[in-house]
Amino acid sequence: MSLIKYVDRRNTNCSKWDGQSGMFGEEGLLPLWVADMDFQAPSCVTEALNAYVSQGVFGYYKIPDSYYQSFINWERQYHSYDVQKEWLRFSPGVVSAFNWITQFMTKPEDAVIVLTPVYYPFLDAVKNNHRRLITSDLINTSGIYTIDFEDFEQKIVENHVSLFILCSPHNPAGRVWTRGELERLFDICRKHHVFVISDEIHQDLTFAGHTHIPSFTAGSYDDMMITVTAPSKTFNLAGCQNSIIIIPDETLRRKWDEYVTCLRVSDGNAFGYIAAEAAYSDGREWFEEVKKIIYENYLYVKDTFASELPDIVVSPLEGTYLCWIDMKAYIKPEDMKDFIQKRCRLALDYGDWFGGERFSSFVRMNLATSKENVEKAVTAITGQC
Ligand SMILES: Cc1ncc(COP(=O)(O)O)c(C=O)c1O
């Protein structure tokens, strides 16, 4: 029997189905946008939460050692990475964490570089904190994205960049960066004294033989980097707001601790810790199965477009459950929103959100849903094109 249970999430106050008007100006679209899954979390998570709920007292929570140990074991097993308990810190979200780090590692008007197209809260973090946004576009070769290292270094030098926010694996291009690519990036950063935030929230979601390399294991970079990750994408726990910050360097840890002490947000809520611990301890089988569903959905999207609309370019899904699709052969960029919403009745992330109008011919489709929903979305597009 399958461990993966699809749920009709309508009327559960979920952003994806019930909160479309903020981003799309209307409700009732078939949503394959915001990055969560339409599947129940692993049963070990619901059992652990139920046990906690049934004792009925929701007072202050003492984080047990077993919470840290579950993450340490996961990192060792999945990523051959030996993490120490004293390196770990908490934040209620990866987005909060990279905003905080931007605040304490840089000053207003400092330059921050990102590789575009990229997860749009990176862009917001730079702008909202009044830093200067510097972008280095990835090279797109028939949907396969690579880093333009010369451009990256030149922009760093020209703009006196002090911070690089990396997405690894990359949302939305679907790349799992190789050790060689990471080394080259970080060596450039070291040479020019650029601090790195490595967002590895999608670290577990890798496919077809691609292996995620935790940034810290790419070389000796402890003193120039902080990694932010979470169980939220892997096990569909975003609403539990429990993220994990990895800081091996003592001086950097002190900076984090001083900053967070001023914010008075040192600990999270009991539910987040309990869900994370259960998932990392016992969620492995569920996770392996959910990955298969995601990859089958990807193959369906890729193969159907290849036969029905062969000039659509679907980027290879090495990692994440977010499929990056270039429709420029069929839809004019200025018609994209009208086409996707009015004609196809879909809620997808629009390419321009990820770095500007030059990405307007793209959409990002969330594959962590039922095959039926993915089929409906693809059929809507092929039928309307
Ligand atoms: C690269 C990346 N970072 C962070 C997040 C969200 O993190 P959180 O919900 O923990 O703030 C997402 C969600 O899509 C993401 O893709």
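Up top is the structure.
This text gives an overview of the structure that appears in the document. (Residues numbered from 1 in each chain as written. Predicted model: local features only at pLDDT ≥ 70, side-chain atom pairs only at ≥ 80, totals over all residues. Heavy atoms only, no water.)

### What to know about the layout of surface pockets
Here is step 1 of the chain: One number sums up the size of the largest pocket: a volume of about 1100 Å³.
Here is step 2 of the chain: Around the largest pocket, the lining is made up of 45 residues, and of these Asp36, Lys233, Leu237, Ala238 and Gly239 lie nearest the centre.
Here is step 3 of the chain: Counting only elements with at least two residues in the lining of the largest pocket, the list comes to α3 (43-55), α5 (94-105), α6 (120-128) and α9 (232-235).
Here is step 4 of the chain: Looking at the lining of the largest pocket residue by residue, the classes come out as 23 nonpolar, 15 polar and seven charged. (1 Å grid on protein atoms, 1.4 Å probe; cavity = no way out; pocket = protein on both sides within 12 Å on 5 of 7 lines; lining within 4 Å. Points joined across faces, edges and corners; volume = space filled by probe spheres on them. Helix = DSSP H or I, 4+ residues; strand = E, 2+ residues; numbered from the N terminus. Nonpolar A, V, L, I, M, F, W, Y, C, P; charged D, E, K, R; others polar.)

### Some remarks on the sheet that holds strand β14 (residues 349-350)
Here is step 1 of the chain: Here we have four strands laid out as an open sheet, ordered β11-β12-β15-β14, and antiparallel in their pairing. Looking along the sheet, the strands with just one partner apiece sit at the ends: β11 (313-314) and β14. (Pairing = 2+ DSSP bridges.)

### Concerning the sheet that holds strand β8 (residues 195-199)
Here is step 1 of the chain: Read across the open sheet, the seven strands follow the order β2-β10-β9-β8-β7-β3-β4; overall the sheet is mixed. Each of the sheet's edge strands pairs with one partner strand only, and the pair in question is β2 (88-91) and β4 (132-137). Taken pair by pair, the neighbouring strands of this sheet meet at an average axis angle of 25°, ignoring direction.
Here is step 2 of the chain: Judged from the three bridges that link them, strand β9 (residues 225-229) and strand β10 (residues 243-246) form a sheet pairing that is antiparallel. Its bridge partner lying in β10, Thr227 is registered against Ile246. (Axes fitted to C-alpha atoms, helices over the stretch in contact; angles between N-to-C directions.)

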